[in-house]
Each structure stands twice: as structure tokens, then as C-alpha cells.
Amino acid sequence: MASSTVRPGAEIDAQAVEVAGRLLDSARQLSYDPLTEVDWETPLDEDFHGASPEWSTLYGTSYWAELTEAQRKELTRQEAASVASTGIWFEMILQQLILRDVYSKDPTDESVQWALTEIADECRHSIMFARGAKKLRAPAYRPRRMAFELGRAFKTLAFGEAAYAAILVAEEVLDVMQRDWMRDERVVPFVRTINNIHVVEESRHMKFAREETRRHLAKAGRVRRHIHAFVIAVAAYVIVTSMVNKDVYANAGLDSKRAIAEARDNEQHKAMLRSSCAGLMEFLASAKLLTRPALAFYKRAHLI
């Protein structure tokens, strides 16, 4: 039991250092170099999907039923590339958030060293995603202008639990999706390897994000908690709705107008998103971050 003379904040910081130490040990034992682990040389095999078909935004629609297998595979390849591009965009935001958080802290502290390790991971992931999208023969999909500018503001202004909970949202949604893809033999092998690397290394990042969210919330008053709950929900909405760029349909050779309309109304895809976020929503509820205004945005994003 901790001594009663220890300040609550100091006890929490000690716990953060302990968690960081365990994560550093894990990173030393199990980390990957995508430049050597991923097969970049073998030409793209068009007999494979880019993602599990069930995760396609059109899966289960009447339009999907009309598509040939070749069209379905090309669509999932373009969608996987779009998800990767969105991942790069948010990882750049994430890196800046973490750098700002540790800017004035003691670099000999293990929690700061873990933060720098996470940034190094994210740099490798961004390069890996970029090379993966290129191999899938997709363009550099970018978020819409409004999302891009909101991201610029968020990376500049967000702090504390708002920053770390938003990081957690992005990572949790990708994690469930990519766990399915990495096990699916219908998915092109190099994408499965990319997903495996990301899942293994992001599991440490999610652990850190959860701990940091709890730690910052311990010092947050009611007003700050409500404001940040709203900010996190808006960030979640922007991230999730930016994952699949509308240009993927035209680039896959589909009728873009019809595809966008059917994807927007696709209840199967919405159900997949909700199921992938069950654990995340449970965590946010336990942290008292599911306020009424926040819930409105999670519902709009089909996360709850």
C-alpha cells in the first residue's frame, strides 16, 4: 500500500513510469522493421483482396451483388489504401501531440523515453502505409479540406485526456479492422504482414493511451471533462468519416454517385463499426466521457 505521505499526483506519475518501463521492455523484445519484414518486391497479385470483403463499405448492398469478383477485389484494394492514407494523416497528428506533451519533461524519465519510442514506431508505420498504398496502385488519398483543417487545429490545441483519448479512438477502430485483415487468407499477403506489424506495435500504444487518459482525467474537473468529452467525440467523428475517401469508387471503376449513396445507407457496414468499438465505448463510459453531446457524435459516426 502506498504511504499516506505520497502526494496523489506523484503516485500516479510513478504508475505511469512503471507502465512505460514495461512498454519499453516489450518494444525491445518485439518490434519490426517494415523495410525488411514486408515483401515489397513481389508484384501485386490481383487475385487477392486488399482487405476483408466484409469490411468494404459496399459489402451487403445491391451494388456489391452486381460487382464481379475482380471489381470487388479492386474496390477493397482502393479502400485499404484509403484507410492507410488516413492512418498516415492521423499518425502525423499523433506524433505532434506526443512531442508537445513531453517537450518540457525530463528525457531521462522512462515515460518520456517510451513516448519517443512510440513516435519512432509511428514514423515507421507511416512509411509502411505509404509504401503499401503505392503497391496497391492507389493515389495518396487525403481527407476532405474541412477535416484537414480541423486536424491542424486539433494537433495545435489539444492536450491531456483530449489528446490521448483521441489517439485511442483512432487506434482502437483500426485495431479490430486490421486483426480481421491479417488473419484473412483472401487478403494479399503483404497487406496481411503490414496489418500484423501494426496490430502488434499499436497494442502497446493503446495501453499507453489508456493509462495517460486515466492519469490526466484524475486531475480534470467537471467542466474540463465535459469539454474534452465533446472534443474527443468530434475528433472520433472526423477520423472515422475520413477513413474511406469517396474517390475510391471512381478509382475502382465504379459508378461513384451510386456507390456513395449505397455506402452511406449500408447498415451492414455501420454494424461492423459499432461492433469494433464496443470495447472503446466501454472504456469511454468508465472514464465518464460519454456525455450527451458526445454521444450524438458517436452515433453520427455509427460507433455506438
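Residues numbered from 1 in each chain as written. Predicted model: local features only at pLDDT ≥ 70, side-chain atom pairs only at ≥ 80, totals over all residues. Heavy atoms only, no water.

## As for the packing of aromatic side chains
The way to describe two aromatic rings as a pair is by their centre distance and the angle between their planes.
Link 1 in the chain: Under the definition given, this model contains 6 aromatic pairs.
Link 2 in the chain: Where tyrosine 59 meets tryptophan 64, the ring centres are 5.5 Å apart and the plane angle is 65°; that geometry is what we call edge-to-face.
Link 3 in the chain: Aromatic side chains tyrosine 237 and phenylalanine 297 sit 5.9 Å apart centroid to centroid with 75° between the ring planes, which places their arrangement in the edge-to-face category. Placement of the pair is tyrosine 237 in helix α9 (residues 222–241) and phenylalanine 297 in helix α14 (residues 292–300), with a sequence separation of 60 residues.
Link 4 in the chain: Above the plane of the ring of phenylalanine 283 lies arginine 210, whose end atom (NZ or CZ) is 4.8 Å from the centre. (Phe/Tyr/Trp six-rings, centres within 6.5 Å; stacked < 30°, edge-to-face > 60°. Helix = DSSP H or I, 4+ residues; strand = E, 2+ residues; numbered from the N terminus. Lys NZ or Arg CZ within 6 Å of the ring centre and 35° of its normal.)

## A closer look at the pattern of salt bridges
Link 1 in the chain: By the definition in use, this model includes 22 salt bridges.
Link 2 in the chain: Note that glutamate 149 and arginine 145 form a salt bridge whose closest N and O atoms lie 3.1 Å from each other. Placement of both glutamate 149 and arginine 145 in helix α6 (residues 145–157) is noted, with a separation of 4 residues, approximately one turn of the helix.
Link 3 in the chain: On the basis of relative accessible area, arginine 145 is assigned to the exposed category, the value being 63%. (Salt bridge = Lys/Arg side-chain N within 4 Å of Asp/Glu carboxyl O. Buried < 20%, exposed > 50% of the residue type's maximum accessible area, 1.4 Å probe, protein only.)

## Let's talk about the confidence of the model for the chain
Link 1 in the chain: Mean pLDDT over the chain works out to 92, with 96% of the residues at or above the 70 mark.
Link 2 in the chain: For the stretch residues 1–12, pLDDT sits under 50, and the model shows 4 contacts to residues farther than four places along the chain or on other chains. (pLDDT = per-residue confidence, 0-100. Contact = heavy atoms within 4.5 Å.)

## Comments concerning the layout of surface pockets
Link 1 in the chain: Size it by volume and the largest pocket reaches roughly 820 Å³.
Link 2 in the chain: If you trace the largest pocket, you find 31 residues lining it, with Val240, Thr241, Ser242, Val244 and Lys246 closest to the centre.
Link 3 in the chain: Taken together, the elements giving at least two residues each to the lining of the largest pocket come down to α4 (69–102), α7 (160–183), α9, α11 (256–264) and α12 (267–276).
Link 4 in the chain: Counting residues per element, the lining of the largest pocket draws most heavily on α4, which supplies 4 residues. (1 Å grid on protein atoms, 1.4 Å probe; cavity = no way out; pocket = protein on both sides within 12 Å on 5 of 7 lines; lining within 4 Å. Points joined across faces, edges and corners; volume = space filled by probe spheres on them.)

## Quick look at the nonpolar core
Buried together is how nonpolar side chains tend to be arranged in soluble globular proteins.
Link 1 in the chain: Formed by 96 residues in total, the largest nonpolar core has its most connected members in Leu58, Leu75, Phe190, Tyr298 and Leu303.
Link 2 in the chain: If we ignore the near neighbours within four places in the chain, the residues touching phenylalanine 190 are Val38, Asp39, Trp40, Leu44, Gly132, Lys135 and Leu136. (Core = buried A, V, L, I, M, F, W, Y, C linked by side-chain atoms within 4.5 Å.)

## Things to note about empty space enclosed by the protein
Link 1 in the chain: Applying the stated criterion to the full structure yields 3 cavities of 30 Å³ or more.
Link 2 in the chain: What the largest cavity holds in volume is close to 130 Å³.
Link 3 in the chain: Ala80, Ala84, Phe129, Val191 and Ile194 are, among the 15 residues lining the largest cavity, the residues nearest its centre.
Link 4 in the chain: For the lining of the largest cavity, the secondary structure elements donating two or more residues are α4, α5 (110–135), α7 and α8 (189–217).
Link 5 in the chain: When its residues are assigned to classes, the lining of the largest cavity shows 12 nonpolar, 3 polar and no charged.
Link 6 in the chain: Looking at the second largest cavity, its volume works out to about 110 Å³.
Link 7 in the chain: Around the second largest cavity sit 14 residues that line it, and Gly87, Phe90, Glu91, Ala170 and Leu174 are the ones nearest its centre. (Nonpolar A, V, L, I, M, F, W, Y, C, P; charged D, E, K, R; others polar.)

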